[in-house]
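# Reading the structure
The residues making up each chain are set out below.
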Amino acid sequence: MQTNPTYSSLVALGDSFTEGMSDLMPDGTYRGWADLLAARMAARTPGFRYANLAVRGKLIQQIVDEQVDVAAAMGADVITLVGGLNDTLRPKCDMGRVRALLTEAVEKLAPACRQLVLMRSPGRQGPVLERFRPRMEELFACVDELAARHGAIVVDLYGAPSLSDPRMWDVDRLHLTAEGHRRVAEAVWQTLGHDPEDAEWRTPMPATLPPGWMTRRVADARFARQHLLPWIGRRLTGRSSGDGLPPKRPDLLPYEDPA
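The chain is annotated in an unreviewed UniProt entry as SGNH/GDSL hydrolase family protein from Streptomyces indiaensis.

This is the structure we're talking about:
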């Protein structure tokens, strides 16, 4: 990997993870790791361009149908692709189909950019991860195989102790906090060959006393009411949190700091 390479453009593909949930900005929009990464890259390269095609809730078939060809046509230096995890969390999931679609996406994107970036997504500690861990690890094995075959690089977030800490996850237990997204941006930055700005991004947060039994039960009840039950309802009715939403940043344009 080249040290401190110069890239002139970035296109990010995916779902809520790449859209930036739950790194909430004061204006009600989401920032997230891809925006943070773009800001760093833009600071190095005048005229740097950035597009983010991600939409929350997208399955790998939708990413392939709606984002892959658009991204390939943009001719960006760097393309990031994170997808398939939403599929693994569905009650019924055809992993053979997920692998085939991810392969199709990589085969189209790898020749269309200087550097394709894939990821092993982070996983929060808890019973939900344990239930779906075999599917997730099958997905990540496919990611590793495709990267080796097509010259992509893999950012290993799944193996980072810091990102499995429940404190790095929002109250919905599905999306990273602002600090989690900051660490993901650092991980991608370093994997692309840049000098670390935070060499300790993998290091877990300092230990604290766990919340008491009653505090945990109240949090569990709030989580079920506000997040789990609506999520189950969308699964049962075939709806998605991203239905009707446009891509976050659909055009490859010069990056401007929202601040």
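Where helix α3 (residues 60-74) contacts helix α5 (residues 95-109), the two axes come as close as 10 Å, and the packing angle between them is 5°. Comparing their axes, α5 and α3 come out roughly parallel. Judged by residue contacts, Ile60, Gln61, Val64, Val68, Asp69, Ala71 and Ala72 of α3 engage Arg97, Val98, Leu101, Leu102, Glu104, Ala105, Lys108 and Leu109 from α5. Its residues assigned to classes, the contact of α3 with α5 shows 10 nonpolar, 1 polar and 4 charged.

Our next topic: the layout of surface pockets. Empty space among the atoms becomes apparent when a probe as large as a water molecule is rolled across them. Taken as a whole, the second largest pocket encloses approximately 250 Å³ of empty space. Lining the second largest pocket are 14 residues, with Thr29, Tyr30, Asp35, Lys248 and Pro258 sitting closest to its centre. Tallied by class, residues from the lining of the second largest pocket come to 6 nonpolar, 2 polar and 6 charged.

Okay, the environment of Ile60 next. Turning to its location among the elements, Ile60 is positioned in helix α3. On the basis of relative accessible area, Ile60 is assigned to the buried category, the value being 0%. Expressed as a C-alpha distance, the spacing of Ile60 and Gly84, which sit 24 residues apart in the sequence, is 4.9 Å. Apart from the residues lying within four places of it in its own chain, the contact partners of Ile60 are Gly83, Gly84, Asp87, Val98, Leu101 and Leu102.

Our focus in this paragraph is helix α8 (residues 178-191). Counted at 1.5 Å a residue, the expected span for α8 with its 14 residues is 20 Å, and the 20 Å between its end C-alpha atoms agrees. Contacts from the buried residues of α8 go to α1 (16-19), α2 (33-44), β4 (115-120), β5 (153-156) and α7 (161-164).

Before going further, it helps to examine the sheet that holds β4. The strand order across the open sheet built from 6 strands is β5-β4-β3-β1-β2-β6, with neighbouring strands paired in mixed fashion. The strands lining the two open edges of the sheet, one partner per strand, are β5 and β6 (249-254). Shown here is a sheet whose adjacent strand axes are inclined to one another by a mean of 15°, direction ignored. Of the pairings in the sheet, the one linking strand β3 (residues 78-81) to β4 comprises 4 bridges and is parallel in character. Across the sheet, residue Leu81 finds its bridge partner in β4, namely Leu118. Contacts between α8 and the sheet are confined to β4 and β5, with β5 contributing the most and set at about 145° to the helix.

Here we come to the side chain of Asn52. Of note, Asn52 is situated in strand β2 (residues 49-52). With a relative accessible area of 0%, Asn52 lands in the buried category. For Asn52, the side chain forms a polar contact with the side chain of Tyr50, separated by 2.9 Å. Among the polar contacts made by the side chain of Asn52, one reaches the main-chain amide nitrogen of Ala54 at a distance of 3.0 Å. In contact with Asn52, other than residues within four places in its own chain, are Ala12, Thr18, Ala34, Asp35, Pro247, Lys248, Arg249 and Pro250.

Turning to α3, a few remarks are in order. Relative to the 21 Å expected for 15 residues at 1.5 Å per residue, α3 spans 20 Å between its end C-alpha atoms, a close match to the ideal helical length. Along its length, α3 reaches its greatest deviation from straightness, about 40°, at Gln67. By the burial criterion, the buried members of α3 are Ile60, Ile63, Val64, Gln67, Val68, Ala71 and Met74. Residues of α3 that are buried sit in contact with β1 (9-13), β2, β3, α4 (85-88), α5 and β6. Two residues or fewer past α3, Gly75 is found with a positive phi of approximately 65°.

Rules and cut-offs
Residues numbered from 1 in each chain as written. Predicted model: local features only at pLDDT ≥ 70, side-chain atom pairs only at ≥ 80, totals over all residues. Heavy atoms only, no water. Axes fitted to C-alpha atoms, helices over the stretch in contact; angles between N-to-C directions. Helix = DSSP H or I, 4+ residues; strand = E, 2+ residues; numbered from the N terminus. Parallel < 35°, antiparallel > 145°, perpendicular 65-115°, else oblique. Contact = heavy atoms within 4.5 Å. Nonpolar A, V, L, I, M, F, W, Y, C, P; charged D, E, K, R; others polar. 1 Å grid on protein atoms, 1.4 Å probe; cavity = no way out; pocket = protein on both sides within 12 Å on 5 of 7 lines; lining within 4 Å. Points joined across faces, edges and corners; volume = space filled by probe spheres on them. Buried < 20%, exposed > 50% of the residue type's maximum accessible area, 1.4 Å probe, protein only. Expected span 1.5 Å × (residues − 1). Pairing = 2+ DSSP bridges. Polar contact = N/O pair within 3.5 Å; in protein donor to acceptor, adjacent residues only side chain to side chain. Bend = angle between axes of the 7 residues up to and from the residue.

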